[in-house]
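Notes for the structure review
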Amino acid sequence: TLIDPDPVLIPYAALPDRVYAVLKRRILTCVIEPGKKLNERLLSVELGVSRTPLREALNRLALEELLNLIPYKGYMVTPLTVEQIRNLSELRRIVESETAALAALRSTVADQKRLRTLAELRYTPGNRKTYERYLQANTTFHTEVARCSRNPSLEYVVSSVLGKLQRPLYLGLDVGINAREATAEHLDLVEAIRAKDISGARKIMAEQLMRAERRVIAALTKVQKRTSFDA
């Protein structure tokens, strides 16, 4: 999964690991928004830990490039930029459009049936508890399309790009998307793959990812305005 397990589910982990899991989850689900400065004193009090395990967790998150350490100022959640999202979205569009085309060429009947069972997406705009479920289902569907390309290298790239887009994709759900329409888009893609329509599968995937990019950029623009105002 892209988001680490809920810390409540790993009660026997070492204290720094639990703090790390809590903070990483908050960052990836944008509870702590991109560009937000962290107050170590308040975090220590809130989490009920000393500075030592907290600092260990923060350093670990910095190594994963989820936090930036600013000299004399402390830690800040790594900002997201429109340029970064456009670059990643462009890469995703190039790679996933071709994996969809290859899936149409190489997938089996069993593959197609599995894709159909994975096509459904559910979430409620504004209800963040449903966002993670949506993203996990969407990620599973897209990685399965990549698996159907029968090219492990492409599958790895798709998974990697989706991981880098975790936060912006989560933010994009704040803008709102009709879950039924999103499911219908997936089913359209599955039908093109089932029909061995290589150009159709490529086109449908590219159009879906273009819409996702627009949603993400719109959501990021809102967050940047809020963060700038708070500062």
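See above for the structure.
The structure contained in this document is the topic of the report that follows.

Attention shifts here to the environment of Ala 182. Relative to the elements of secondary structure, Ala 182 occurs in helix α9 (residues 179-194). Its relative accessible area of 3% is what places Ala 182 among the buried residues. Those residues in contact with Ala 182, other than ones at most four positions away along the chain, are Leu 121, Tyr 134 and Ile 177.

Moving on: the pattern of salt bridges. A complete count under the given rule lists 16 salt bridges for this structure. Residue Asp 111 pairs with Arg 147 through a salt bridge whose shortest N-O separation is 2.8 Å. One end of the pair, Asp 111, is in helix α5 (residues 109-118); the other, Arg 147, is in helix α6 (residues 131-147), and 36 residues separate them in sequence. A relative accessible area of 6% places Asp 111 in the buried class. The residue Arg 211 makes a salt bridge to Glu 185 at a minimum N-O spacing of 2.9 Å. Here Arg 211, found in helix α10 (residues 198-230), pairs with Glu 185, found in helix α9; they are 26 residues apart in sequence, far enough to count as distant. For Arg 211, a relative accessible area of 30% puts it in the partly exposed group. Salt bridges here are not isolated pairs; linked through shared partners, they connect Asp 111, Arg 114, Glu 144, Arg 147 and Arg 150.

This part is about the pairing of strand β1 (residues 67-70). Successive side chains on a regular strand alternate, one facing one side of the sheet and the next facing the other. Across four bridges, the pairing between β1 and strand β2 (residues 74-77) is antiparallel. Following the sheet pairing, Asn 68 is matched in β2 by Met 76. Between β1 and β2, which pair antiparallel one after the other, the connecting turn spans three residues, and Tyr 72 there sits at a positive phi close to 70°.

Quick look at the side chain of Ser 107 now. By the element assignment, Ser 107 lies in the loop between α4 (82-106) and α5. At 3.1 Å, the side chain of Ser 107 forms a polar contact with the side chain of Gln 112. Not counting residues up to four positions away in its chain, the partners in contact with Ser 107 are Leu 102, Gln 112, Cys 148, Ile 193 and Lys 196.

What counts, and where the lines are drawn
Residues numbered from 1 in each chain as written. Predicted model: local features only at pLDDT ≥ 70, side-chain atom pairs only at ≥ 80, totals over all residues. Heavy atoms only, no water. Helix = DSSP H or I, 4+ residues; strand = E, 2+ residues; numbered from the N terminus. Buried < 20%, exposed > 50% of the residue type's maximum accessible area, 1.4 Å probe, protein only. Contact = heavy atoms within 4.5 Å. Salt bridge = Lys/Arg side-chain N within 4 Å of Asp/Glu carboxyl O. Pairing = 2+ DSSP bridges. Polar contact = N/O pair within 3.5 Å; in protein donor to acceptor, adjacent residues only side chain to side chain.

Purely geometric numbers; function is a separate question.
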